[in-house]
Amino acid sequence: MMAAAGSCLLFVLHGLEHLNLDFRLAGTGLCSDPEESEAPAAIIVNLLRKYMLPEASILVTTRPSAIGRIPSKYVGRYGEICGFSDTNLQKLYFQLRFKQPDCGHGTGGFSATPAQRDHLVQMLSRNLEGHHQIATACFLPSYCWLVCATLHFLHAPTPAGQTLTSIYTSFLHLNFSGEMLDSTDPSKLSLMAYAARTMGKLAYEGVSSRKTYFSEEDVRGCLEAGIQTEEEFQLLHVFRRDALRFFLAPCVEPGHLGTFVFTVPAMQEYLAALYIVLGLRKTTLQRVGKEVAELVGRVGEDVSLVLGIMAKLLPLRALPLLFNLLKVVPRVFGRVVGKSREAVAQAMVLEMFREEDYYNDDVLDQMGASILGVEGPRCRSDEPTEDEVFELFPMFMGGLLSAHNRVVLAQLGCPIKTLDALENAQAIKKKLGKLGRQVLPPSELLDHLFFHYEFQNQRFSAEVLSSLRQLSLAGVRMTPLKCMVVAAVLGSGRHALDEVNFASCQLDPAGLRTLRPVFLRARKLGLQLNSLGPEACRDLRDLLLHDQCQVTTLRLSNNPLTAAGVALLVEGLAGNTSLKHLSLLHTGLGDEGLELLAAQLDRNQQLLELNVAYNGAGDTAALALAKAAREHPSLELLHLYFNELSSECRQALRDLGSTTEGGARVVVSLTEGTAVSEYWSVILGEVQRNLNSWDRGRVRRHLELLLRDLEDNRGATLNPWRKAQLLRVEGEVRALLEQLGGPGS
């Protein structure tokens, strides 16, 4: 078949550098017959000589240094196919990948809804056009695969055990698995191990000095560090030709031309973390101390034994004691190494908990923005840039210590010993235990949990997070990935969480289902401002009916639950024994919702407080619920303010709440008789918190009614103390009206 194909035949030779080709006639004889049995190297040499199948074409892939093994007289044409020279080809690649829902994750496919895929393609296309550095990275098709895999991780359902670190490790495994830097070199050093030593050093120095742009001198200094022999320079030459452009790219950003950056920013942090966990960062004391300790350890025992025998014959009894001290040297060196690990752990933890980064986006949103760009106008290029952020560095350090990634790294020639991984983990746990007890802003707390997710060690996470009692992620956009991260890290814990706050997190019913193991551990659960509709109430009902539910306070305010959702919630209330406080403030219940609650309220015997304020309910529904609350055996407080109630109804509710026969107190206004209600600060606090999300005209109207009520009561009382209190509350109401743009008096 080969002989018949002639000029239509193309040989693609991958791994040519592994063959020791000898083009001397004395070493490899001539052979033109494809039928003749020859060694692989002999067949390749005669193909390249054009002595066998001269019409065939030959393409050498991946390793340009392999060309150097072929005499120039045998090379008729030479070219390099490097990547996508046209941005439109990059866009076409992404469109093809994203629009193949049946394409598996391992091949870079993206399984999501068509609308989601189209939105991501549009954002990525805009970023490729406006952000030239990512277009430079995607010049290499390998990095297009990495972008697709990262977007799949961030936006699509993630397979169990899939981590960001494992994506980057798999990416390097796909490119460099089995690749030796130079097969003729006796050291048989893997290409990835060499990259970790050189590029890792450059990456770590960048992280330490907080920079991402590197000069030619910076790059040369890290590549040539410690090189002394001709063989080492030859290895460097091979690495420069074959792999340097894979890791570094010329910077095309204005103001930084002539410098180099890592092809994608996250690769710098990954290689810096790899450099650390492989133990490649050593001080001069550690390098010299290790050699001395090994030497002293080898000879110390022998010398002590000989002198011990001589001391029985000669008066040299002090000498064995002196040489016994030599045995202490290896132990001292071990302590030096331990101190080094503690220093690395300290640096990693400090990077994770930098106060300067407390109010930026969480690390997953940062990564998504680096690929897709930021919605809205870009900052001008002449504006001063902010301090570089390296929050992925500690995440990758944790991820590289996980068992799965250590196995893959060993295949790449970068083994991490189990004992070293254990000692590093212990040092990190020690530092995290000290600094991890502080109260963190929501985005930083999510980063902390993401570190544990990358580490993939439940026992380690359970010990470090055993002191966590409050989980506040308010304001964090909870994507399916983030929900899965939180559930994976905290879902299996045993101790109760005093408070879990997911207010304003854009949660949906799928997120509620994912987070249920965490909700089951919560005593106070905040789900305000999440646009949860009636369909979410089905999951909330199942949560309340779960036999392990220990929620005592449930805040669902500012969600469009409507009466249909409350119909499901009351089913959960009927079978729940833990809930004491329920807030349904501004949930669109209307008359139907309040009437439903009034009819079903007696099915729950433990509830202490119910808030149904600002629900657009009228007189009949409010009075019915108030009467049901008065008859309830345990209910102590019912909030009904800011509903559409007439003055007669408000007075009737005040009269109902002021009776002394027991039953729930009804809060409907800022006053009780001619005195200030003890709940006035609660009412105005709710208004202040929700000023930007509520209907301003409707809130202004209610505040004006409350203000008139305060003024009337102030005129009706002669008690100076009550007048002073009423004046104070009037001032608070006027201040809120001014914020709303209404009349201050």
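Going by the annotation in an unreviewed UniProt entry, the name recorded for the protein is NLR family member X1 isoform X3, with Neophocaena asiaeorientalis asiaeorientalis given as the source organism.

Draft legend 1. Layout of the packing of helix α8 (residues 191-209) against helix α12 (residues 265-277). Contact geometry of α8 with α12 gives a least axis separation of 7 Å together with a crossing angle of 110°. What the angle tells us is that α8 and α12 run roughly perpendicular. Along its contact with α8, which presents Met-192, Ala-196, Arg-197, Met-199, Gly-200, Lys-201, Ala-203, Tyr-204, Gly-206 and Val-207, the element α12 presents Gln-268, Leu-271, Ala-272, Leu-274, Tyr-275 and Ile-276.

Draft legend 2. Fine view of the sheet that holds strand β7 (residues 522-526). Taken in spatial order, the 8 strands make up an open sheet running β5-β6-β7-β8-β9-β10-β11-β12, and their pairing is parallel. Looking at which strands have only one partner, the edges of the open sheet turn out to be β5 (470-472) and β12 (665-667). Strand-to-strand twist across the sheet, computed as the mean angle between neighbouring axes with direction ignored, equals 10°. The sheet contact formed by strand β8 (residues 553-555) and strand β9 (residues 581-583) spans 3 bridges and is parallel. Across the sheet, the residue bridging to Leu-554 is Leu-582, located in β9.

Draft legend 3. A look at the layout of surface pockets. Counted as a void, the second largest pocket has a volume near 1,400 Å³. In terms of lining, the second largest pocket is formed by 44 residues, of which the most central are Val-60, Thr-61, Thr-62, Glu-80 and Ile-81. For the lining of the second largest pocket, the secondary-structure elements that each account for two or more residues are β2 (57-60), α6 (141-155), α7 (164-176), α10 (230-242), α11 (244-247) and β3 (248-250). Considering only residue class, the lining of the second largest pocket consists of 26 nonpolar, 9 polar and 9 charged.

Draft legend 4. View of a negative patch on the surface. On the surface, Asp-33, Glu-35, Glu-36 and Glu-38 cluster together into a negatively charged patch. Considering the arrangement of structural elements, one finds Glu-35 in the loop between β1 (10-13) and α2 (40-48). Accessibility expressed as a relative area gives 69% for Glu-35, which makes it exposed.

Draft legend 5. Representation of the environment of Cys-483 in the model. You can see Cys-483 is positioned in helix α22 (residues 480-490). A relative accessible area of 1% places Cys-483 in the buried class. Here the alpha-carbon distance between Cys-483 and Leu-507, two residues 24 residues apart in the chain, equals 8.9 Å. Contact partners of Cys-483, with chain neighbours within four places excluded, come to Met-478, Leu-507, Gly-511, Thr-514 and Leu-515.

Draft legend 6. Region of interest: the environment of Leu-589. Topologically, Leu-589 is positioned in the loop between β9 and α27 (590-600). For the pair formed by Leu-589 and Val-612, sequence separation is 23 residues and the distance between their alpha carbons is 8.2 Å. If we ignore the near neighbours within four places in the chain, the residues touching Leu-589 are Thr-562, Ala-563, Val-566, Leu-584, Leu-594, Leu-597, Val-612 and Asn-615.

Calculation notes
Residues numbered from 1 in each chain as written. Predicted model: local features only at pLDDT ≥ 70, side-chain atom pairs only at ≥ 80, totals over all residues. Heavy atoms only, no water. Axes fitted to C-alpha atoms, helices over the stretch in contact; angles between N-to-C directions. Helix = DSSP H or I, 4+ residues; strand = E, 2+ residues; numbered from the N terminus. Parallel < 35°, antiparallel > 145°, perpendicular 65-115°, else oblique. Contact = heavy atoms within 4.5 Å. Pairing = 2+ DSSP bridges. 1 Å grid on protein atoms, 1.4 Å probe; cavity = no way out; pocket = protein on both sides within 12 Å on 5 of 7 lines; lining within 4 Å. Points joined across faces, edges and corners; volume = space filled by probe spheres on them. Nonpolar A, V, L, I, M, F, W, Y, C, P; charged D, E, K, R; others polar. Patch = residues over 30% accessible without salt bridge, like charges linked within 9 Å, V, L, I, M, F, W, Y side chains within 5 Å. Areas by Shrake-Rupley, 256 points an atom, 1.4 Å probe, with all protein chains shown as cover. Salt bridge = Lys/Arg side-chain N within 4 Å of Asp/Glu carboxyl O. Lys, Arg positive; Asp, Glu negative; His and termini not counted. Charge placed at Lys NZ, Arg CZ, Asp CG, Glu CD. Buried < 20%, exposed > 50% of the residue type's maximum accessible area, 1.4 Å probe, protein only.

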